[in-house]
Amino acid sequence: MKRPILLALVMFLCMPALHAQLLKKLTGKKKQPVETEEGIDDTFPQARSSSKKTAPDPSLVIGGEEGVEIDSSYEYDWAVYQESEAFQGSQRVIDGGEDIVIYYSSTQAAFSIQLKSRSTGTKYHFYGDFGKESQLMLAGVGGIASGDKTKLQLDGMEPVYPGEIGYLSQLKRTGSKKVIAGVACEEYVAHNLRQDPRVVNTNHSKVTAYVWIPMDPHAVFPGYSLMPDHFKIQIERMRIAGSYPPVVMPLEMFLEYGNGDKVFTHTTHIIVNERRKVELGDINK
C-alpha cells in the first residue's frame, strides 16, 4: 500500500519540472516571421506599385484621350510674368483682367501657362509637352479642378491665354518690330472667325487682335531647339506662309472688340534661371 502512495508522490513532485522543460522547448523554438505588407515590400520591392494603389485625387479630375501620357510634374527655368487689363471704352474695369506666368524649359521642349482671373479667382493652366506630343488644359476654382489631355497638334493647339485667341483667324505678319523686355518682337494681326459659336450673336462678334511675338523663339524658350523635327518643319512652313503657331506666347497683345471693349496684355518682367518644379495639383493651391 505504501509503495503506490510513494510513487504517486514522486510523480506529483516531478510535474513542475516536466512542465518547465516542455515550456522551454516550446518557447525556445524560433518563431517564423509573419508576412506583413512591409515585409513583402522589403523582399519584393517590385511588387510595391502593384500591391499599393494610389487613390485618385477627387479635387483634380483629368480626362481626355486615354492614349495620351502626361507627367505629374514639370521643371522649368525661364519665367515670363504678365498682366492683362480690361477696358470698357476708355474706362478700366476694376478687378478685371488676369495675372499670368508663362514657364519655359531649357532642358526639354515643354512650356506651361498659369493664368488667374482677378474677377472670379478661376485658374487656368496649360501644359504643352512636345517630347510626349501631349497637351493638357486645366480649369479650377475653390480647390476643385478638372481638365482634358489631348495629343498635341499645332493646327489644333489652343493654349489658354487672355482673349481666347483660339477663335481668331490665322495670325498674319505686319512687318512692324519693337523690343519688349529686352526681346526683339514682330507684330502679327488677326480677326475672329465669323462663324465660331463662341462669338456669333455676342457683343464680341467682331474682334481685331494685335500680337507681338519674339522674332527668335529661343530668346524666351531655350528648349525650343529640342523639339522633334516634324514640329520644327511644320512651324517653319507656317512662318513662311506669314502665320505663327502658339508655341511661344506673345509678349504683348491688344484685343479690340466690336462693342468697344478692349483687353491689353503686357509683360512686366522676364526671369531666367529661375528653377521651379510645377505640379499639376498646384492649380488647387
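Residues numbered from 1 in each chain as written. Predicted model: local features only at pLDDT ≥ 70, side-chain atom pairs only at ≥ 80, totals over all residues. Heavy atoms only, no water.

Draft legend 1. Summary view of the overall build of the protein chain. If you tally the helices and strands in the protein chain, you get four helices and 13 strands. Counting every position in the protein chain, which comprises 285 residues, the buried fraction comes to 39%. (Helix = DSSP H or I, 4+ residues; strand = E, 2+ residues; numbered from the N terminus. Buried < 20%, exposed > 50% of the residue type's maximum accessible area, 1.4 Å probe, protein only.)

Draft legend 2. View of the confidence of the model for the protein chain. Across the protein chain, the average pLDDT comes to 79, with 73% of residues at or above 70. Note that pLDDT drops below 50 for residues 1–40; the model gives that stretch three contacts with residues more than four away or on any other chain. Segment residues 43–53 is flagged for pLDDT under 50; beyond a separation of four residues in sequence, or across chains, it makes seven contacts in the model. (pLDDT = per-residue confidence, 0-100. Contact = heavy atoms within 4.5 Å.)

Draft legend 3. Seen up close, the side chain of aspartate 77. Summarising the element assignment, aspartate 77 is placed in strand 2 (residues 73–88). On the basis of relative accessible area, aspartate 77 is assigned to the buried category, the value being 5%. Non-local contacts of aspartate 77, meaning those with residues more than four positions away in its chain, are made with Tyr104, Ser105, Ser106, Ile271, Val272, Asn273, Glu274 and Arg275.

Draft legend 4. View of the packing of aromatic side chains. Evaluation of the coordinates by the stated rule reveals eleven aromatic pairs. Ring centres of tyrosine 104 and phenylalanine 221 lie 5.1 Å apart, and the angle between their planes is 35°; on these two criteria the pair is classed as tilted. Remark: phenylalanine 221 occurs in the loop between strand 11 (207–214) and helix 4 (229–240) and tyrosine 104 occurs in strand 4 (residues 98–104); sequence separation between them is 117 residues. Of the two residues, tyrosine 104 and phenylalanine 221, both sit in the buried class. Both rings, one in phenylalanine 130 and one in phenylalanine 231, keep their centres 5.2 Å apart while their planes meet at 80°; by these two values the pair is edge-to-face. Placement of phenylalanine 130 in the loop between strand 6 (123–129) and strand 7 (134–141) and of phenylalanine 231 in helix 4 is noted, with a sequence separation of 101 residues between them. Pair check on accessibility: phenylalanine 130 and phenylalanine 231 agree, each one buried. Over the ring of tryptophan 212 we find lysine 178, and its NZ or CZ is 4.7 Å from the ring centre. (Phe/Tyr/Trp six-rings, centres within 6.5 Å; stacked < 30°, edge-to-face > 60°. Lys NZ or Arg CZ within 6 Å of the ring centre and 35° of its normal.)

Draft legend 5. Representation of the pairing of strand 10 (residues 183–191). Sheet analysis places strand 9 (residues 172–180) next to strand 10, joined by six bridges and oriented antiparallel. For lysine 178, the partnering residue across the bridge sits in strand 10 and is cysteine 185. Bridge count for strand 10 against strand 11 is seven bridges, and the pairing is antiparallel. In the sheet register, valine 189 faces strand 11, and the bridge partner there is tyrosine 210. (Pairing = 2+ DSSP bridges.)

Draft legend 6. Structural context of unusual backbone geometry. Its identity is not glycine, yet aspartate 95 carries a phi of approximately 60°, on the positive side. Within the secondary structure, aspartate 95 is located in the loop between strand 3 (91–92) and strand 4. In this model, asparagine 273 sits at a positive phi of 55°, which is unusual for a non-glycine residue. Among the structural elements, asparagine 273 can be located in strand 13 (residues 261–279). For asparagine 273, a relative accessible area of 63% corresponds to the exposed category.

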